[in-house]
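Descriptive analysis of the structure
Next come the chains, spelled out residue by residue.
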Amino acid sequence: MISQFFILSSKGDPLIYKDFRGDSGGRDVAELFYRKLTGLPGDESPVVMHHEGRHFIHIRHSGLYLVVTTSENVSPFGLLELLSRLATLLGDYCGSLGEGTISRNVALVYELLDEVLDYGYVQTTSTEMLRNFIQTEAVVSKPFSLFDLSSVGLFGAETQQSKVAPSSAASRPVLSSRSDQSQKNEVFLDVVERLSVLIASNGSLLKVDVQGEIRLKSFLPSGSEMRIGLTEEFCVGKSELRGYGPGIRVDEVSFHSFVNLDEFESHRILRLQPPQGELTVMRYQLSDDLPSPLPFRLFPSVQWDRGSGRLQVYLKLRCDLPLKSQALNVRLHLPLPRGVISLSQELSSPEQKAELAEGALRWDLPRVQGGSQLSGLFQMDVPRPPGLPSHGLSTSAPPLGLGPASLSFELPRHTCSGLQVRFLRLAFRPCGNANPHKWVRHLSHSDAYVIRI
Amino acid sequence: MPYLGSEDVVKELKKALCNPHIQADRLRYRNVIQRVIRYMTQGLDMSGVFMEMVKASATVDIVQKKLVYLYMCTYAPLKPDLALLAINTLCKDCSDPNPMVRGLALRSMCSLRMSKLDQWGQAEVLNFLLRYQPRSEEELFDILNLLDSFLKSGSPGVVMGATKLFLILAKKFPHVQTDVLVRVKGPLLAACSSESRELCFVALCHVRQILHSLPGHFSSHYKKFFCSYSEPHYIKLQKVEVLCELVNDENVQQVLEELRGYCTDVSADFAQAAIFAIGSIARTYTDQCVQILTELLGLRQEHITTVVVQTFRDLVWLCPQCTEAVCQALPGCEENIQDSEGKQALIWLLGVHGERIPNAPYVLEDFVENVKSETFPAVKMELLTALLRLFLSRPAECQDMLGRLLYYCIEEEKDMAVRDRGLFYYRLLLVGIDEVKRILCSPKSDPTLGLLEDPAERPVNSWASDFNTLVPVYGKSRWATISKCHGAERCGPELPKTSSFAASGPLIPEENKERVQEVPDSGALMLVPNLQLTADYFEKTWLSLKVAHQQVLPWQGEFHPDTLQMALQVVNIQTIAMSRAGARPWKAYLSAQDDTGCLFLTELLWKPENSEMQISVKQNETRTETLKSFISVLETVIGTIEEIKS
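Residues numbered from 1 in each chain as written. Chains lettered and ligands numbered in written order. Predicted model: local features only at pLDDT ≥ 70, side-chain atom pairs only at ≥ 80, totals over all residues. Heavy atoms only, no water.

A look at the overall build of chain A
The number of helices and strands found in chain A is 6 helices and 25 strands. Taking as baseline every contact in chain A between residues at least 6 positions apart, the subset at least 24 positions apart corresponds to 69%. Counting only carbon and sulfur atoms, one obtains 50% of the accessible surface of chain A, whose full area is about 19900 Å². (Helix = DSSP H or I, 4+ residues; strand = E, 2+ residues; numbered from the N terminus. Contact = heavy atoms within 4.5 Å. Areas by Shrake-Rupley, 256 points an atom, 1.4 Å probe, with all protein chains shown as cover.)

Below, the structure is given as structure tokens:
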């Protein structure tokens, strides 16, 4: 049972504090939590902490700490699930989750908490049920504008009606502007994949892992039915075979309990009546077998002269995406030996940037076109540790602390598994209103893309 | 039947049901209701007249009541809000004088199925069910079958709650437990690669818990536990632990390759954790690991070298076959070690295996030269012992500096422990070199201890009740301290205190002998003096037997293995092997035999963090009476020492 719930900013300022049972301590627990968190020894985990018969369990979300305290030996899975559900819920109601939105919507947050938890027990977390009880309207900082260019492109919006849907369109409260009906008829469907890859120094692939999600954010009235058509060649498991060719294969799939799978077997169609707000429709995983080539290949060559301490790293990065696709915000991170001082660089195009930061080389490539090849030559000086003989050791071995290289990037309009949403159809006919806007977006991004050197 | 869409039918029926003329005519009213039921049976959606049907339930006509209740039970799931209205009528009917009406109302109330439980409710109910004890095997499996769908839930809280319930209910069916753990593998692995770090951490803790019982359970998924550089420290450490535990013949190459990459991580703490991990894998895959560790020495980094040397020290003690390789790797290390722990390890290695390391005396000489500026007393103690040992095997090279070191320790050293140690060795040398050899040349390794120290596979039942709680997340030992200070004021000491010995004064051999004579009288147990058992024989017997008795005694504060060993000797219990003094947790293996030939093999496990001593006794013949007597002897000895110390 939950005793207290509070939200702290990233600097430890309490934004929200609620005591449900009055059985433990006072307000100072929030401060106590932050002190414990910052004073924790490096090898201990902050996820669950203990102080005088009270357990602190928290998640970090959008730079905030969402914390519950309890005095009982509860289910950690359940509590963490509740915390992340609360984060989604607050995001739904306040538009987005952040220090600013929370402090602007304190009354709304307290009202929500009051309904979600009673005496430390969960009542309901369904956006739909809660709608009936929530009276406060969300305060939004700035009105939604199509020209909010800062966020366009970052998410790589793809449209069905040749319009651009800025990603900020999705970050507004589900319940705001009750009067303004025209704004409400929108639905966002995102296919997001996280890619983790490990490549050995000889170029062989050691590990590929794709974690995918289909996320839906609906502003339509609840209960309106929609059908989501997936790629017809979509197969689950190693043995299933569909269509011609290799098909789009994933290892495991799980669906939200709202999803009706009657047409899934025959036509790969998901039917559901989603409530307003955010919902993860489907999760899937895929390891070891990718249908398409990996997005990036790195060909490093290292020259290391131990005597003079001169280290030369030549990196060639090849993008194996289809010609029309591109990768955005590509950043290569290469840890360097300790004490590297100077860096000189020759980069293959002017928009790239490279610098030394925190003992590592950071090479930024804002945009990489499919099929292209980029390179960088970096020269560094590594001071020779005192007392080390200047010769006699092999010069071919790379110095300590060099590598492995890791890449981070976003691939808009691309899924590594090949899964696509064929269509999104709504059965709902809004009276007197234009057709609802449907935004379907595909995105892959790197979770850990590591290349050993 | 007239050709009408269901909407028109509903409209028409609604009108009829509301018509006061029809309501007044009992037969016509019942007729209309019958029509509703008929359409309902044909599959037309009649939920539109729910309101009117609820009104129709307030009647004295039992037939009509029955029909309406049938209707309500069918549509209540669709109209939970309106079904609430019916409850009022049902409650009223429950106090009707007619028993038939009462029964009908009660039955209908029970069959009103309203909206299903959400995930929070499910988790709560699963938790509550843990208290239930099935009465028969059939009932048990019925329950398990009903619960099966919860294992497939999309909510991790529900899946883990259901898993725990399965594990607890099926405690007598290990194959069912294993089956459940296989099924929960997917959800757990998904949680381990979740975007939420917190969920990932909790899942990793549970994976480790499962690995304790089923070591091979996640071996084929080892890649899922590779670290990514952006992960926080606490997740990386958990993953490294998991990798150590799931290593097997097939994946050892890849896992070691991965771990080697971590050893040069920018974070020194993480690098050291990875090296220790390789060290623990080395107990099984010695050659490969020693080679990797030796390569790491070539990097000449202080934080790496010190941990590698400490790993070597522990390794040669447990796996003597790698001594040669370690001895070859050591020269040159001394330049890159600055901290106390690393120096101690290196000096110990040079002392014990110095005859195989050509430059050992010269390295020790450097330490002797700089002993004045040495800040750690523990290093000086280690140096004294090591040099004396090396002196025994290479006297010519060591004699001079041994003299200098002893002189310094006795005359100039300010730390009393170091001085006493110096004096002790000095006097020992005066007695004669044979005596020194007898005392200092103890075995150089103890592989049996390593085998016995290997964490035995724990049965699932030993942790099933901790699954999906905070216990695996804190770790067992931290949880023990937490629950101790938590429950201290509530329960007080739970363990029987051996208070009867509190008054018996300090331990002196005479008094103890008296007590030994008391004990056999009471329990008819006579332990044979001077029992000789080899470590090998002990190990074989120990592994082949089951634990006959296990208990925990309180043990606060300091601990002196020597005193305990002496006291045990007095009651004819021999010590076969024990950990170094100061090791945590500390272990000892004891053996004893009574006059009928019954063997008692005992393991003492002292965990300082729990302040308790765990005793496990194995017996080669099952004899409960003598076992009891033996336990009481052990309790007496341990209790007495505990009392004296405090």
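From this point, things continue past the structure.
What to know about the sheet that holds strand 8 (residues 186–199) of chain A
All names here are of chain A. With mixed pairing, the 9 strands of this open sheet are ordered in space as 13-15-9-8-25-23-18-21-20. Every interior strand has two partners, whereas the edge strands, strand 13 (252–255) and strand 20 (353–357), have only one. Ignoring which end each strand starts from, the neighbouring axes of this sheet average 15 degrees apart. Taken together, the 13 bridges between strand 8 and strand 9 (residues 205–218) define a ladder with antiparallel strand orientation. Across the sheet, residue Ser 196 finds its bridge partner in strand 9, namely Asp 209. (Pairing = 2+ DSSP bridges. Axes fitted to C-alpha atoms, helices over the stretch in contact; angles between N-to-C directions.)

Topic: the sheet that holds strand 16 (residues 296–305) of chain A
All names here are of chain A. The 4 strands are arranged 16-17-22-19 in an open sheet whose pairing can be described as antiparallel. Each having just a single partner strand, strand 16 and strand 19 (343–347) make up the two edges of the open sheet. Put simply, the sheet's adjacent strands are angled 15 degrees from each other on average, direction ignored. With 5 bridges connecting them, strand 19 and strand 22 (residues 373–381) associate as antiparallel partners. The partner of Glu 346 across the bridge, within strand 22, is Leu 377.

Observations regarding the packing of aromatic side chains
As enumerated under the stated definition, the model contains 27 aromatic pairs over all chains in all. Between Phe 255 of chain A and Phe 264 of chain A the ring centres are 5.2 Å apart and the planes differ by 75 degrees, which places this aromatic pair in the edge-to-face class. Relative to Phe 225 of chain B, the ring of Phe 218 of chain B has its centre 6.2 Å away and its plane inclined at 90 degrees; by these criteria the two rings are edge-to-face. Residue Phe 225 of chain B is classed as buried on the basis of its relative accessible area of 0%. (Phe/Tyr/Trp six-rings, centres within 6.5 Å; stacked < 30°, edge-to-face > 60°. Buried < 20%, exposed > 50% of the residue type's maximum accessible area, 1.4 Å probe, protein only.)

Quick word on the interface of chain B and chain A
In this assembly, 50 residues from chain B lie in contact with 53 residues from chain A. Summed over both sides, the interface between chain B and chain A buries roughly 4400 Å², with carbon and sulfur atoms accounting for 60% of that surface. Sorting the residues of chain B by area buried against chain A places Trp 120, Glu 198 and Leu 470 of chain B first, and these three jointly supply 17% of that buried surface. The tally of links between chain B and chain A comes to 5 salt bridges. When the shortest N-O distance is used, the salt bridge between Arg 478 of chain B and Glu 44 of chain A registers 3.8 Å. Taken together, chain B and chain A are joined by 14 residue pairs in polar contact (both at pLDDT 80 or more). When residues of the side of chain B that touches chain A are assigned to their parent elements, the largest contribution, 6 residues, is made by helix 13 (residues 197–213) of chain B. (Buried area = accessible area lost by both parts, 1.4 Å probe. Salt bridge = Lys/Arg side-chain N within 4 Å of Asp/Glu carboxyl O. Polar contact = N/O pair within 3.5 Å; in protein donor to acceptor, adjacent residues only side chain to side chain.)

Re helix 6 (residues 80–94) of chain B
Residues and elements named next belong to chain B. If you check helix 6, its first and last C-alpha atoms are 21 Å apart, about what 15 residues at 1.5 Å a residue would give, namely 21 Å. A bend of about 25 degrees at Ala 86 is the largest found in helix 6. Those residues of helix 6 lying buried are Ala 83, Ala 86, Thr 89, Leu 90 and Asp 93. (Expected span 1.5 Å × (residues − 1). Bend = angle between axes of the 7 residues up to and from the residue.)

Details of the nonpolar core
Ranked by internal contacts, the top residues of the largest apolar core, which has 156 residues, are Phe 225, Ile 281 and Phe 312 of chain B. In terms of residue count, the dominant contributor to this core is helix 2 (residues 76–94) of chain A (11 residues). Once you skip the residues sitting within four places of it in the chain, Phe 312 of chain B turns out to touch Val 290, Leu 293, Thr 294, Leu 297, Val 326, Ala 329, Leu 330 and Leu 349 of chain B. Of all hydrophobic cores here, the second largest spans 39 residues; its members include Leu 317, Leu 321, Leu 407 and Cys 416 of chain A. (Core = buried A, V, L, I, M, F, W, Y, C linked by side-chain atoms within 4.5 Å.)

Overview of the domain arrangement of chain B
You can read the domains of chain B as domain 1 (4–117), domain 2 (339–444) and domain 3 (535–644). One C-alpha centre belongs to domain 1 of chain B, the other to domain 2 of chain B; they are set 96 Å apart. (Domains from an automatic or database assignment.)

Describing the confidence of the model for chain A
Residue and element names in this part refer to chain A. For chain A, mean pLDDT is 81; residues scoring 70 or higher make up 83% of the total. Low pLDDT (under 50) marks residues 144–168, which in the prediction has 42 contacts with non-local residues, meaning those over four places away or in another chain. In this model, residues 176–182 is a region of pLDDT below 50 whose contacts with residues beyond four sequence positions or in other chains number 8 contacts. (pLDDT = per-residue confidence, 0-100.)

Some remarks on unusual backbone geometry
Negative phi values dominate among residues other than glycine, just as trans dominates among peptide bonds. Backbone geometry at Ser 62 of chain A places phi at a positive 45 degrees, although glycine is not the residue there. Tracing the sequence through the fold places Ser 62 of chain A in the loop between strand 4 (54–61) and strand 5 (64–70). When its relative accessible area of 43% is taken as the criterion, Ser 62 of chain A is described as partly exposed. The phi dihedral of Asn 572 of chain B is positive, around 65 degrees, even though this residue is not glycine.

Section: the pattern of salt bridges
A side chain with one charge may pair with a side chain of the opposite charge, provided their charged atoms come close. Going through the model one piece at a time under the given rule, you end up with 46 salt bridges over all chains. One salt bridge connects Asp 447 of chain A with Arg 194 of chain A, and the closest N-O pair in it is separated by 3.5 Å. In this pair, Asp 447 of chain A is assigned in strand 25 (residues 437–451) and Arg 194 of chain A in strand 8, connecting sequence segments 253 residues apart. With a relative accessible area of 35%, Asp 447 of chain A lands in the partly exposed category. Note that Glu 213 of chain A is salt-bridged to Arg 283 of chain A, the shortest N-O span being 2.7 Å. You can see Glu 213 of chain A sitting in strand 9 and its partner Arg 283 of chain A sitting in strand 15 (residues 277–287), a full 70 residues away along the chain. Here the salt bridges do not stand alone but share partners, grouping Arg 452 of chain A together with Glu 257, Glu 258, Arg 260 and Glu 295 of chain B into one network.

Focus: the domain arrangement of chain A
All names here are of chain A. In terms of domain boundaries, chain A breaks down into domain 1 (4–131), domain 2 (186–292 + 414–447) and domain 3 (296–383 + 398–412). For domain 1 versus domain 2, the distance between C-alpha centres works out to 31 Å. Across the boundary between the two partners, domain 1 contributes 7 residues, which contact 6 residues of domain 2. Note on domain 1 versus domain 2: buried area summed over both sides is about 470 Å², and carbon and sulfur give 38% of it. When the area that domain 1 buries against domain 2 is broken down by residue, the three leading residues are Asp 92, Glu 128 and Arg 131, summing to 64%. Across the domain 1-domain 2 interface, the total number found is 0 salt bridges. At the level of secondary structure, the elements contributing two or more residues to the side of domain 1 that touches domain 2 comprise helix 2 and helix 5 (127–131). Tallied by class, residues from the side of domain 1 that touches domain 2 come to no nonpolar, 3 polar and 4 charged. (Nonpolar A, V, L, I, M, F, W, Y, C, P; charged D, E, K, R; others polar.)

Here's the deal with the pairing of strand 18 (residues 326–335) of chain A
Residue and element names in this part refer to chain A. Extensive coverage of strand 18 is indicated by the burial of 7 of its 10 residues. In the sheet, strand 18 pairs with strand 21 (residues 360–369) via 9 bridges, with the strands oriented antiparallel. Its bridge partner being in strand 21, Leu 332 is matched across the sheet by Trp 363. Two elements, strand 18 and strand 23 (residues 405–412), share 4 bridges in a ladder whose sense is antiparallel. Paired with Arg 331 across the bridge in strand 23 is Ser 408.

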